[in-house]
Amino acid sequence: KQALAGSSVKVKALDVVASYKIIVGLVVLPLYAFLLAAVATGWFHLSALGFFLTLFIFIPVFFGNGIRSCDHSVRCLLRCRATMLFWGCSSTAGLLQKLLIDRREKLQEKVQRFVEDAKLLITEEALKAESDLQAKEISGKIDLLQREGVVPAAAGSSLSAPLLDKSLGQEASSGCVIA
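Residues numbered from 1 in each chain as written. Predicted model: local features only at pLDDT ≥ 70, side-chain atom pairs only at ≥ 80, totals over all residues. Heavy atoms only, no water.

(A) A look at the overall build of the protein. The helix and strand tally for the protein stands at six helices and zero strands. Evaluated residue by residue, the protein yields a buried proportion of 7% over its 179 residues. Restricting to contacts in the protein with at least 6 residues of sequence separation, those with at least 24 account for 12%. As displayed, the protein has an accessible area near 15900 Å², and 68% of this comes from carbon and sulfur atoms. (Helix = DSSP H or I, 4+ residues; strand = E, 2+ residues; numbered from the N terminus. Buried < 20%, exposed > 50% of the residue type's maximum accessible area, 1.4 Å probe, protein only. Contact = heavy atoms within 4.5 Å. Areas by Shrake-Rupley, 256 points an atom, 1.4 Å probe, with all protein chains shown as cover.)

(B) How the structure looks around the packing of aromatic side chains. Considering all chains together, one arrives at four aromatic pairs under this definition. With 6.1 Å between their ring centres and 5 degrees between their planes, Y32 and F63 make a pair best called stacked. Of this pair, Y32 sits in helix α2 (residues 14-44) while F63 sits in helix α3 (residues 48-88); the two residues are 31 residues apart in sequence, bridging distant segments of the chain. Relative accessible area serves as the criterion here: at 43%, Y32 is assigned to the partly exposed category. The class of F63 is partly exposed, set by a relative accessible area of 26%. (Phe/Tyr/Trp six-rings, centres within 6.5 Å; stacked < 30°, edge-to-face > 60°.)

(C) Just the side chain of T41, in detail. By secondary structure assignment, the location of T41 is in helix α2. Its relative accessible area of 14% is what places T41 among the buried residues. In this structure, T41 is in contact with L46, S47 and F51, ignoring residues within four places of it in sequence.

(D) Fine view of the side chain of T54. Residue position: T54 is located in helix α3. Setting aside anything within four residues of it in sequence, one finds T54 in contact with A37, A40, L46, I59 and P60.

(E) Examining the nonpolar core more closely. Among the nonpolar cores identified, the biggest contains five residues, and these are A33, A37, F51, L55 and I59. Looking at this core, the elements with two or more residues in it are α2 and α3. Per-element accounting of this core gives the leading share, three residues, to α3. When neighbours within four sequence positions are excluded, A33 is seen to be in contact with L55, I59 and F63. (Core = buried A, V, L, I, M, F, W, Y, C linked by side-chain atoms within 4.5 Å.)

Listed below in structure tokens is the structure:
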């Protein structure tokens, strides 16, 4: 709480919480594992080899399984709670459904307003101006290609005029022999 109060950047002071989790993980858990191994060795009358097997194999396996089972049980609890809210408690389910329907209606209204606003922005004049701009850009690129000799310049040609003379294309196609 002191770190959170003394900082203008921190929102939840999660770095302090993480620091304590690291301290627990690196200091307290190994000491606890050592204590458990000593108790198990005394309880079951194990030798030094049994102590080290318990300390380095059995206890880490139990810790790992405990962590996994805890994570799994938290997920199951959240799933069960959500299920109980919707199906177990009919009054709560009805309230949540009404809230969802209200949110959906508000979202539909926002989308409809956005579409109406977009229609006002797109007019016939804007579409004609965009079309003219694209035609001018394409004409400029074709002119550049004609000046560089990539496309042959034909007198009075337009964008829709063919680039090759039909008679040349027919002669070329009739004179070709494919082996």
